[in-house]
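# Structural characterization, general
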Amino acid sequence: FPVNSKKPCRIEFWGDEIDSISTFETFSQRRNENLEEVEIIGLCTDICVVSNALIIKATFPEINVTVDASCCAGVTPQSHENALNAMKMCQINVI
């Protein structure tokens, strides 16, 4: 579950491609609605976080993607900043 949500999120794939990102009911497993916004936190800014953020933004350009820079770090401070700047250039909100 996302820490700020009462419902879990599901990423559905069609083969190797993301088909949808939505919330769902835990009991019935039925999808509720597609998300309009995604916030990403992670461990390694310059590997996992930047990859996931760019994949989500490229696949769903209408979704607002936000990365919380205080909840992740890079291999080096410079690589962390480089990854954050790359995401900003791709219309990903960095807070």
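Residues numbered from 1 in each chain as written. Predicted model: local features only at pLDDT ≥ 70, side-chain atom pairs only at ≥ 80, totals over all residues. Heavy atoms only, no water.

## Here's the deal with the confidence of the model for the protein chain
Caution applies to low-pLDDT regions: their predicted coordinates should not be interpreted in detail. When the pLDDT values of the protein chain are averaged, the result is 85; 95% of them are 70 or greater. The least confident element of the protein chain is strand S3 (residues 31–34), whose mean pLDDT is 78; the most confident is strand S6 (residues 93–94), at 94. (pLDDT = per-residue confidence, 0-100. Helix = DSSP H or I, 4+ residues; strand = E, 2+ residues; numbered from the N terminus.)

## A look at the side chain of serine 20
Looking at the secondary structure, you find serine 20 in strand S2 (residues 17–24). Side chain to side chain, serine 20 and arginine 31 meet in a polar contact 3.2 Å long. Apart from the residues lying within four places of it in its own chain, the contact partners of serine 20 are Arg10, Ile11, Glu12, Arg31, Asn34 and Phe60. (Polar contact = N/O pair within 3.5 Å; in protein donor to acceptor, adjacent residues only side chain to side chain. Contact = heavy atoms within 4.5 Å.)

## Quick notes on a negative patch on the surface
A contiguous patch of negative charge, built from Glu33, Glu36, Glu37 and Glu39, is present on the exposed surface. Relative to the assigned elements, glutamate 33 resides in strand S3. Given a relative accessible area of 43%, glutamate 33 falls into the partly exposed group. (Patch = residues over 30% accessible without salt bridge, like charges linked within 9 Å, V, L, I, M, F, W, Y side chains within 5 Å. Areas by Shrake-Rupley, 256 points an atom, 1.4 Å probe, with all protein chains shown as cover. Salt bridge = Lys/Arg side-chain N within 4 Å of Asp/Glu carboxyl O. Lys, Arg positive; Asp, Glu negative; His and termini not counted. Charge placed at Lys NZ, Arg CZ, Asp CG, Glu CD. Buried < 20%, exposed > 50% of the residue type's maximum accessible area, 1.4 Å probe, protein only.)

## A word on the state of the cysteines
Inspection of the entire model under this criterion finds 0 disulfides. With no disulfide partner, cysteine 44 has as its closest neighbouring cysteine sulfur the one in cysteine 48, 6.0 Å distant. Relative accessible area serves as the criterion here: at 16%, cysteine 44 is assigned to the buried category. As a non-bridged cysteine, cysteine 90 has cysteine 72 as the owner of its nearest cysteine sulfur, 16 Å distant. For cysteine 90, a relative accessible area of 35% translates into the label partly exposed. (Disulfide = S-S within 2.5 Å.)

## Some details on the pairing of strand S1 (residues 9–14)
Note: S1 against S2, 6 bridges, orientation antiparallel. The residue of S2 that forms the bridge with arginine 10 is serine 22. Between S1 and the antiparallel strand that follows it, S2, lie 2 residues; glycine 15 among them carries a positive phi value of about 70°. (Pairing = 2+ DSSP bridges.)

## Observations regarding helix H2 (residues 77–89)
An ideal rise of 1.5 Å per residue puts 18 Å on 13 residues; H2 measures up with 19 Å between its terminal C-alpha atoms. Within the sequence span of H2, burial applies to Ser79, His80, Ala83, Leu84 and Met87. Seen along its axis, H2 keeps its buried residues to an arc of 140°; they face one direction. Set apart from the buried face of H2 by more than 90 degrees, the exposed residues are Pro77, Gln78 and Met89. Downstream of H2 by one or two residues, glutamine 91 has phi in the positive range, about 60°. (Expected span 1.5 Å × (residues − 1). Arc of directions from axis to C-beta.)

## Remarks on the environment of isoleucine 41
Position of isoleucine 41 among the secondary structure elements: in the loop between strand S4 (37–40) and helix H1 (45–59). For the pair isoleucine 41 and valine 75, spaced 34 residues apart in sequence, the C-alpha separation works out to 15 Å. In contact with isoleucine 41, not counting residues within four places along its chain, are Val49, Asp68 and Cys71.

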